[in-house]
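# A look at the structure
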Amino acid sequence: MATKSVRSKGSLEFHTDDVPTYESKGEVDFIPRTTQTEYQGIFSPRKMQVIALGGSIGSGLFITTGRGLESAGPAGFVFGYGFVAILVYCVLQLLTEMTIAFPVSGNLFEYADRFVDPSLAFAAGFAEWLANLLIGWTAVIGAEATMFTVLINYWAGGSVHEAVWLTLFLVITFGLFFLPSKAFAWFEYCTSLVKVTAFLTIFFSSIAIMAGGGPTGKVHTGETWRDYVKFKNGFAGIAQAMMLACWAYGDQVFIGIMGGEAMFPRLSMARACKMVTGRMFIIYMLSIMWISLLVPENDPRLYGGGGAAASPFIIAMKDAGIDGLPDFLNGVIMVGVTAIACESVYIASRTLRSLAAQGLVFKFMATVDAHGRPRWSLFVTSVAAVILTYLNLSSGGVEVFTWFTSITSSSFFSIWIVLVITSWRFRAALKAQNDPLFDQVYAWSASFYNVTLGVLAAGCAFLTAACIYIGLFPLNGDGVSVSSFFQYVLGLILIITSTIGYKLIYRTEFRDVRTVDLVSGRRPLTESDIEELAAYYKQPIWRRFSSYFTIW
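Residues numbered from 1 in each chain as written. Predicted model: local features only at pLDDT ≥ 70, side-chain atom pairs only at ≥ 80, totals over all residues. Heavy atoms only, no water.

Identification of the chain as Amino acid permease/ SLC12A domain-containing protein from Aplosporella prunicola CBS 121167 is taken from an unreviewed UniProt entry. According to the UniProt record, the Subcellular location (unreviewed entry) comment for the chain is "Membrane". (UniProt positions renumbered as here; feature names shortened; annotations may be inferred.)

Here it is, written out as structure tokens:
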């Protein structure tokens, strides 16, 4: 295939064919990058679209939202989840902008190295893998395994030892990654369809219940807002709701990591960004509103029940006299927790592999086999997940997992702080080098960039304050708690100490925006890409809009 040359307005020239190669025409700091071509393009635009719609729908929506309502009351509950949803939108905008230009798996950590400082890349990657992945995401696998046993015991009634169900869950989860990587893409695609179908069923059932369509005929007129405490537990309640929201859907770096293995990042990531935004404000926020209108904040089943019985949706349907749906939802949640556990393995292994490729951890973990699997990273992640899962069988397992889930919530928005800094430096580098990225045909940029960046920065500051407050003054606590404080702020502490420690040891220097690498890993549009986008944008708006609802 002939190589085409594309020259920028600055001092760089890059060439593209099937595998882009680059040539420097000036003084640019080229730094080691992940060998992205070792991965396979496993996510088609259609798969990315469906996964973006159905991803992250699991126990965080169906069950733990009940704890948010119980902690904050209806108004605090809606505000807390809505506030985090706005920040997730900002995260997606900033992350998508960089991912489309530089589609690499493990992207945020490579961007922090490229545009800011290797110490920040190490801190973000270390905190993401250790606090969010080794402790958090692999702990998520263990937590979802625990939920799996609770759900299956909804039918089994505890007749089989818990270790059997934990083992079965791990076999299913890790067995998927013995298959070629495309098997994971298809699994996530199919489970996302199941979860979206379940949501639609629950959504329309909730409308019917509101209007008195259940067997009991009770019509809901807003009594849960009118007759109960709107902002329960004050700011502490809101802070708890925000932390639970971060746990439920704060993992949107997952979409960016998938972008590194997408077949057509420009189309896939742009559509995924819109789909995830739609999921946040339609699926999640409408569900949050229905929950606040159908279930009172003091219902003892919200926090005292187990498995599907604790779901606010099931509580509302039981109160309406609807039978049979608990079994349906129980099965759907089982599918959801299995899918999220598999996502956790995927994110953890890809992030660890990215750190290894950058030389931040052992280099052998960067190995990718012929089927596109980072086998050593998968192995290390799997061992950590197995250990944390079987902690459920120990006497101290519950306390350990309480720490893990608290750490995960704060670690999510700690990573967003890194994104704010990295995105700001990315834009500064484009301006300093007079790079024409956003002037090129079909370029994609974040909407209202300055506002988006400012909102995310201010939002992260507010979340940090809320995290510290709920850590010091936990709900149902007896005053200031040092133990609770460290549970909630450990993710932030890890990033700060890792950055300072790495910088002092290796004496790294801040990247100069005038010479940072804006070439390696970059993916300009090919002629076929441009033709496909041209055909897409020639369609009328209604047809483009309807394409978002095409699942095949």
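For the rest of this paragraph, the subject is the overall build of the chain. Counting secondary structure elements, the chain contains 20 helices and 3 strands. Looking at the chain as a whole, 59% of its 552 residues are labelled buried. Considering only residue pairs separated by 6 or more positions, the chain has 80% of its internal contacts joining residues 24 or more positions apart. (Helix = DSSP H or I, 4+ residues; strand = E, 2+ residues; numbered from the N terminus. Buried < 20%, exposed > 50% of the residue type's maximum accessible area, 1.4 Å probe, protein only. Contact = heavy atoms within 4.5 Å.)

Attention shifts here to the packing of aromatic side chains. This model, assessed by the stated rule, comprises 20 aromatic pairs. Seen in terms of ring centroids, phenylalanine 77 and tyrosine 81 are 5.1 Å apart; in terms of plane orientation they differ by 65°. Their pairing is edge-to-face. With phenylalanine 77 and tyrosine 81 both in helix α3 (residues 65-101), this residue pair falls 4 residues apart, about one helical turn. Exposure remark for phenylalanine 77: the relative accessible area of 0% places this residue in the buried category. Summarising the aromatic geometry, the rings of tyrosine 111 and phenylalanine 115 are spaced 6.4 Å apart at their centres and angled 35° between planes, so their arrangement reads as tilted. With a gap of 4 residues between them, tyrosine 111 and phenylalanine 115 both fall in helix α4 (residues 107-115), about one helical turn apart. For the pair tyrosine 111 and phenylalanine 115, one class covers both residues: buried. Here the aromatic cluster, defined as three or more aromatic residues joined through ring pairs, consists of Phe79, Phe83, Phe235, Phe462, Tyr469 and Phe473. A cation sits over an aromatic face here: arginine 114 above phenylalanine 102, 4.4 Å from the ring centre. Directly above the ring of tyrosine 449 sits arginine 427, whose terminal nitrogen or CZ lies 3.9 Å from the centroid. (Phe/Tyr/Trp six-rings, centres within 6.5 Å; stacked < 30°, edge-to-face > 60°. Lys NZ or Arg CZ within 6 Å of the ring centre and 35° of its normal.)

In the Ramachandran plot, asparagine 434 falls in the positive-phi region, its phi being about 55° despite a non-glycine side chain. Tracing the backbone through its elements, the reader meets asparagine 434 in the loop between α16 (397-432) and α17 (449-472). Here phenylalanine 448, not a glycine, exhibits a phi torsion of approximately 45°, which is positive.

As a further point, take the environment of isoleucine 505. For isoleucine 505, the position within the fold is in helix α18 (residues 482-506). Along the primary structure isoleucine 505 and serine 119 are separated by 386 residues, whereas in three dimensions their C-alpha atoms are 9.7 Å apart.

The next thing to look at is the side chain of threonine 96. On the secondary structure map, threonine 96 appears in helix α3. Threonine 96 gets classed as buried once you look at its relative accessible area, which sits at 1%. A polar contact is formed between the side chain of threonine 96 and the backbone oxygen of leucine 92, at a distance of 2.6 Å. (Polar contact = N/O pair within 3.5 Å; in protein donor to acceptor, adjacent residues only side chain to side chain.)

Let us look at the pattern of salt bridges. What the rule picks out here adds up to 11 salt bridges. Of the charged contacts, one joins lysine 503 and aspartate 117 as a salt bridge, the two residues approaching to 2.6 Å between their closest N and O atoms. Taken together, the positions of lysine 503 in helix α18 and aspartate 117 in the loop between α4 and α5 (118-156) put the pair 386 residues apart, joining distant regions of the chain. Here lysine 503 falls in the partly exposed class, since its relative accessible area comes to 24%. Close ionic contact of aspartate 529 with arginine 523 constitutes a salt bridge, the shortest N to O distance being 3.8 Å. For aspartate 529, a relative accessible area of 7% translates into the label buried. Using a relative accessible area of 31% as the deciding quantity, one classes arginine 523 as partly exposed. Within the structure, one salt-bridge network assembled from shared partners comprises Asp299, Arg301 and Asp319. (Salt bridge = Lys/Arg side-chain N within 4 Å of Asp/Glu carboxyl O.)

Here helix α7 (residues 181-210) contains 30 residues, and its C-alpha end-to-end distance of 44 Å stays within 8% of the 44 Å for a straight helix at 1.5 Å per residue. Taken from the residues just after α7, glycine 212 is the one with a positive phi, measuring 85°. (Expected span 1.5 Å × (residues − 1).)

Parts of the prediction with low pLDDT should not have their coordinates interpreted in detail. With 77% of its residues at a pLDDT of at least 70, the chain reaches an overall mean of 78. Segment residues 1-40 is flagged for pLDDT under 50; beyond a separation of four residues in sequence, or across chains, it makes 96 contacts in the model. (pLDDT = per-residue confidence, 0-100.)

The buried count for helix α13 (residues 312-319) comes to 6 of 8 residues, which makes it a mostly enclosed element. When we look at burial in α13, the residues that qualify are Pro312, Phe313, Ile314, Ile315, Ala316 and Met317. A positive backbone phi angle near 85° is found at glycine 321, which sits one or two residues after α13.

Next up on the list: the packing of α13 against helix α14 (residues 325-357). Any two packed helices are characterised by how steeply their axes cross, that is the angle between the axes, and by the distance between the axes. Remark: α13 packs on α14, axes separated minimally by 10 Å, with the N-to-C direction vectors making an angle of 170°. In terms of their interaxial angle, α13 and α14 are classed as roughly antiparallel. For the pair α13 and α14, contact is made by Phe313, Ile314, Met317 and Lys318 and by Leu325, Pro326 and Leu329, respectively. Residue composition of the contact of α13 with α14, by class: 6 nonpolar, no polar and 1 charged. (Axes fitted to C-alpha atoms, helices over the stretch in contact; angles between N-to-C directions. Parallel < 35°, antiparallel > 145°, perpendicular 65-115°, else oblique. Nonpolar A, V, L, I, M, F, W, Y, C, P; charged D, E, K, R; others polar.)

Our next topic: the environment of phenylalanine 122. If you trace the backbone, phenylalanine 122 turns up in helix α5. Taking the C-alpha atoms as reference points, phenylalanine 122 and lysine 503, separated by 381 residues in sequence, lie 9.5 Å from one another.

Now for the environment of isoleucine 493. Of note, isoleucine 493 is situated in helix α18. Placed 82 residues apart in sequence, isoleucine 493 and serine 411 show a C-alpha to C-alpha distance of 9.3 Å.

This part takes up the nonpolar core. Inside soluble globular proteins, nonpolar side chains tend to come together where they are buried. Counting residues in each nonpolar core, the largest one holds 126 residues, and the members touching the most others are Phe62, Tyr81, Tyr249, Trp416, Leu456 and Leu463. Among the elements that take part in this core, α3 stands out by supplying 18 residues, more than any other. Membership of the second largest hydrophobic core comes to 5 residues, among which are Ala356, Ala357, Met365 and Ala366. (Core = buried A, V, L, I, M, F, W, Y, C linked by side-chain atoms within 4.5 Å.)

The next thing to look at is the packing of α3 against helix α9 (residues 234-249). Packing of α3 against α9 brings their axes to within 7 Å, and their N-to-C directions diverge by 55°. Judged on the interaxial angle alone, α9 and α3 are oblique. Crossing angle aside, the handedness with which α3 passes α9 is right-handed. (Left-handed = near helix turned anticlockwise from the far one by under 90°.)

So, on to a nonpolar patch on the surface. On the surface, a nonpolar cluster with roughly 640 Å² of combined accessible area is contributed by Ile86, Phe281, Ile282, Leu286, Phe448, Val451 and Val455. Among the elements of the structure, α11 (265-294) and α17 are those that each provide at least two residues to the nonpolar patch. Counting residues per element, the nonpolar patch draws most heavily on α11, which supplies 3 residues. Note that phenylalanine 281 resides in helix α11. (Patch = residues over 30% accessible without salt bridge, like charges linked within 9 Å, V, L, I, M, F, W, Y side chains within 5 Å. Areas by Shrake-Rupley, 256 points an atom, 1.4 Å probe, with all protein chains shown as cover.)

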